[in-house]
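Chain by chain, the residues run as shown.
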Amino acid sequence: MSGFEVLLRLALGEQVTQTEALAVLYRDACSRDGVARMERVARIKARDNALCDAAAVLGVDGPGTWVLAARLEAAVGRFDARIWPRLRAGVQCDLAPSDAALHRAFLTGERVPHTQRRLYDLLLTR
């Protein structure tokens, strides 16, 4: 039974057993697309957590969210332009705590937001 069939049965008010629902969830999670989708979600969560860790270090004085997003934008831009190329080339660098968190964010392989607005939206949801 496909996931669509289960949803259709539920929409029509028919009973769906727990076993049928779990079988669909397990099959979708184990399919190649399902695994890739779950891995991407995990990478995005890891990236967002790392960005929030960097924001916590940069916002130790308790600024407003918009000001904190501006600081994070500057830190991301500096890291991307100066530190990330060195780390990718294998050069050893002593990283500040905020840079270490940004390094974790970049290592996820997901696109890191570079604008104050996108970072502000991220910080608001956390």
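Heads up: the structure comes first, above all this text.
Draft legend 1. Quick look at the overall build of the protein chain. Looking only at helices and strands, one finds six helices and zero strands in the protein chain. Secondary structure of the protein chain in N-to-C order comes out as α-α-α-α-α-α. In the protein chain, which comprises 126 residues, the share counted as buried stands at 31%. In the protein chain, of all internal contacts separated by at least 6 residues, the share reaching a separation of at least 24 is 59%. Of the accessible surface of the protein chain, which amounts to about 8400 Å², a share of 56% is contributed by carbon and sulfur atoms.

Draft legend 2. Structural view of the packing of aromatic side chains. This structure, assessed with the given rule, holds four aromatic pairs. Note on Trp-66 and Tyr-120: the rings are 5.2 Å apart at their centroids and 75° apart in plane angle, and the pair reads as edge-to-face. Here Trp-66 is found in helix α4 (residues 65-88), whereas its partner Tyr-120 is found in helix α6 (residues 116-125), with 54 residues between them in sequence. The exposure class of Trp-66 is partly exposed, given its relative accessible area of 42%. Between Trp-84 and Phe-106, the aromatic rings sit 5.3 Å apart at their centres with planes inclined by 45°, giving tilted as the arrangement. With Trp-84 in helix α4 and Phe-106 in helix α5 (residues 97-107), this pair connects stretches of sequence that are 22 residues apart. Looking at Trp-84, the relative accessible area reads 15%, which means it is buried. Aromatic ring contacts, followed pair by pair, group Phe-79, Trp-84 and Phe-106 into a single cluster.

Draft legend 3. Focus on the pattern of salt bridges. Following the criterion strictly, the structure yields eight salt bridges and no others. Of the charged contacts in the structure, one is a salt bridge between Arg-40 and Glu-110, with a shortest N-O distance of 3.4 Å. Of this pair, Arg-40 sits in helix α3 (residues 32-58) while Glu-110 sits in the loop between α5 and α6, and the two are 70 residues apart along the sequence. Salt bridges linked by common partners bring Arg-40, Arg-43 and Glu-110 together as one network.

Draft legend 4. Structural view of the environment of Ala-105. Within the element layout of this structure, Ala-105 appears in helix α5. With relative accessibility at 0%, the residue Ala-105 sits in the buried group. For Ala-105 and Arg-47, which are 58 residues apart along the polypeptide, the C-alpha to C-alpha distance reads 4.3 Å. Once residues lying within four places of it in the same chain are set aside, the contact partners of Ala-105 are Arg-47, Ala-50, Leu-51 and Val-112.

Calculation criteria
- Every chain is numbered independently, its residues counted from 1 as its sequence is written.
- The model is predicted, so local features are restricted to residues of pLDDT at least 70 and side-chain atom pairs to those at 80 or more, both for listing and for counting; the totals for chains, interfaces and linings are taken over all residues.
- The side-chain numbers reported here are obtained from all heavy atoms of the structure, hydrogens and water having been left aside.
- Put simply, DSSP H or I for four residues or longer makes a helix, DSSP E for two residues or longer makes a strand, and each gets a number counted from the N terminus.
- Think of it in three bands: with a 1.4 Å probe and only protein chains considered, a residue is buried below 20% of the maximum accessible area for its type, exposed above 50%, and partly exposed in between.
- Residue contacts are counted whenever heavy atoms from the two residues lie within 4.5 Å of one another.
- Only the protein chains shown count as cover for residues, and all accessible areas are computed by the Shrake-Rupley method using a 1.4 Å probe.
- Geometry of aromatic contacts follows a simple scheme: Phe, Tyr and Trp rings, the Trp one being its six-membered ring, pair when their centres are within 6.5 Å, and the pair is stacked under 30 degrees between planes, edge-to-face over 60, tilted otherwise.
- Salt bridges, as used here, are contacts in which a Lys or Arg side-chain nitrogen is within 4 Å of a carboxyl oxygen on Asp or Glu.

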